[in-house]
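One letter stands for each residue in the lines below.
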Amino acid sequence: MPIIFRVFKKSCFNIIKMNDVLNQISVCVEAGKINKSSPYPPSMKGQDGADELSMLALQKGFKPDEILEKALIPAMANVGSKFSRKEIYVPQMLMSAKAMGGAMIHLKPFFQSGETRRRGTFIIGTVTGDLHDIGKNLVAMMVEGGGWEVIDLGVDVSSEKFINALNDKPGAIVGLSALLTTTMENMKMIVNDIKSKHQKTRILVGGAPVTLDYCKKIGADFYSPDPQGAVNYLNRMSLSI
Ligand code: B1M
């Protein structure tokens, strides 16, 4: 075979091999396969997970943002869409988010060093008086998987804490979560407080009792019933900035 064809064939083979690693990472994240020792899903027992494969991808020379953009983000977007369509449920989404976390451990140092650009900053917390954090954590993980820097202020977060975080990260988008009809009322106060100090801040609200009508009533900018809606909103905002 002429040398030119041999070189071409070899490089095509390498590209396919290289992309295989990214595809495998996507498969692991969608399936919720965290690492080799993780027993879930049973069909992938003993196989490498998102943890080992993302390390391998870095060793093979993939850039962290390439792994994020080509493997993790599309996989998490699929997971989010399946959850919105009720094809999967909270436990599966949590496993996927954990698998993504397994990959993110290796990528985070690069993002934190500023070597890789993020889409923007998202500050999230469960509002004053409310201790529910499972839904908020899911939103935070999905948004992080969507390529955003996430500052998670935790639960029972006051206006003051949100405002302090915004003072450090002006221009960040804020997410408020509430699970109780009583604490949902605190969203109104927090939206007012934030807008009085940082008028242009965009605020996204969510949580089981929250509705689009309520979002409009309290002057928040967007309501999402689920994590994928939050990711889609943020991505639209990052394009318009
Ligand atoms: Co509580 N609890 N709880 N609880 N709890 C509910 C919410 C309740 C509906 C149960 C019930 O009575 N049927 C009820 C609220 C009634 C109401 O006000 N309408 C209730 C109550 C009353 C209470 C206490 C007052 C009970 C008591 O002490 N008497 C108490 C309050 C404590 C407090 O917060 N101050 C309390 C305590 C607790 C636990 C600590 C025991 C525990 C929380 C543990 C934790 O979060 N770490 C707990 C739990 C687990 C629940 C239920 C069973 C499950 C909540 C959950 O995690 N769901 C819940 C009943 C239920 O929902 N079946 C209940 C799964 C989660 C993935 O869904 O959080 O809705 P969710 O998040 C969704 C969406 O809402 C959305 O995305 C997620 C994925 O789709 N989303 C966002 C959430 N935040 C978002 C933000 C966004 C966008 C989307 O943008 C920023």
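The following paragraphs examine the structure supplied in this document. (Residues numbered from 1 in each chain as written. Predicted model: local features only at pLDDT ≥ 70, side-chain atom pairs only at ≥ 80, totals over all residues. Heavy atoms only, no water.)

**Details of the coordination of the cobalt atom of the ligand**
Ideal donor angles around a metal are set by the shape: a four-donor tetrahedron calls for 109.5 degrees, a six-donor octahedron for 90 or 180 degrees. Selection criterion: Only N, O and S atoms count as donors, using a 2.8 Å cut-off from the metal and 3.2 Å for Na, K and Ca, and because water is excluded some sites may appear unfinished. Runs of H or I in DSSP of at least four residues are treated as helices and runs of E of at least two as strands, each being numbered from the N terminus.
In this structure the cobalt atom of the ligand is ligated by exactly one protein donor, His132 (NE2), at 2.2 Å. Mapped onto the elements, His132 comes out in the loop between β1 (121-126) and α5 (134-145).

**Overview of the site of the ligand**
What counts here: The rule for a residue being near a molecule or strand is that one of its heavy atoms must lie within 4 Å of it. Any N or O atom pair separated by 3.5 Å or less is treated as a polar contact, with the protein-specific requirement of one donor-capable and one acceptor-capable atom, and with residues adjacent in sequence counted only for side-chain atom pairs.
Around the ligand, 26 residues are found, and the nearest of them are Gly129, Leu131, His132, Asp133 and Ser177. Here a nitrogen atom of the ligand sits 2.7 Å away from a polar atom, N or O, in the side chain of Asp133. A distance of 2.9 Å separates an oxygen atom of the ligand from a polar backbone atom of Thr181. Elements with a minimum of two residues in the shell around the ligand: α5, β3 (173-177) and β4 (203-206). Take the shell around the ligand: its biggest share by element is 4 residues, from α5.

**Notes on the nonpolar core**
Heads up, the condition is: To form a nonpolar core, buried Ala, Val, Leu, Ile, Met, Phe, Trp, Tyr and Cys residues must be joined to one another through side-chain atoms within 4.5 Å. In this scheme, a residue with accessible area under 20% of its type's maximum is buried, one over 50% is exposed, and one in between is partly exposed, where area comes from a 1.4 Å probe on protein chains only. Throughout, a residue-residue contact means that at least one pair of heavy atoms, one from each residue, lies within 4.5 Å.
Among the nonpolar cores identified, the biggest contains 43 residues, and Ile25, Val29, Leu72 and Phe122 are the most heavily contacted of them. The set of elements that each furnish at least two residues to this core consists of α1 (3-31), α2 (50-59), α3 (64-84), α4 (90-112), β1, α5 and α9 (227-240). In contact with Leu72, not counting residues within four places along its chain, are Ile25, Val29, Ile67, Met100, Ala103, Met104, Leu107 and Gly145.

**Describing the packing of helix α6 (residues 159-168) against helix α7 (residues 181-197)**
Packed helix pairs are characterised by how far apart their axes lie and by the angle those axes make with each other. Using the following cut-off: Orientation is described by axes fitted as lines to C-alpha atoms, over the contacting stretch for helices, and by angles from 0 to 180 degrees between their N-to-C directions. Left-handed is the label given to a crossing in which the near helix is rotated counterclockwise from the far helix by less than a right angle, and right-handed is the label when the rotation is clockwise. Any residue that is not Ala, Val, Leu, Ile, Met, Phe, Trp, Tyr, Cys, Pro, Asp, Glu, Lys or Arg is counted as polar, Gly included; the first ten are nonpolar and the last four charged.
Two elements in contact, α6 and α7, have axes whose closest approach is 9 Å; the angle formed by their N-to-C orientations is 35°. When you trace α6 past α7, the crossing you get is right-handed. Across the interface between the two elements, Ser159, Phe162, Ile163 and Leu166 from α6 touch Met189, Ile190, Asp193, Ile194 and Lys197 from α7. Its residues placed into classes, the contact of α6 with α7 shows 6 nonpolar, 1 polar and 2 charged.

**Notes on α6**
Applicable threshold: Arc definition: directions from the helix axis to the C-beta atoms.
Along α6, the residues that are buried comprise Ser159, Phe162, Ile163, Ala165 and Leu166. The buried residues of α6 occupy one face: seen down the axis, they fall within an arc of 160°. Exposed residues pointing more than 90 degrees away from the buried face of α6 are listed as Glu160 and Asp168. Looking at the buried residues of α6, the elements they touch are β1, β3 and α7.

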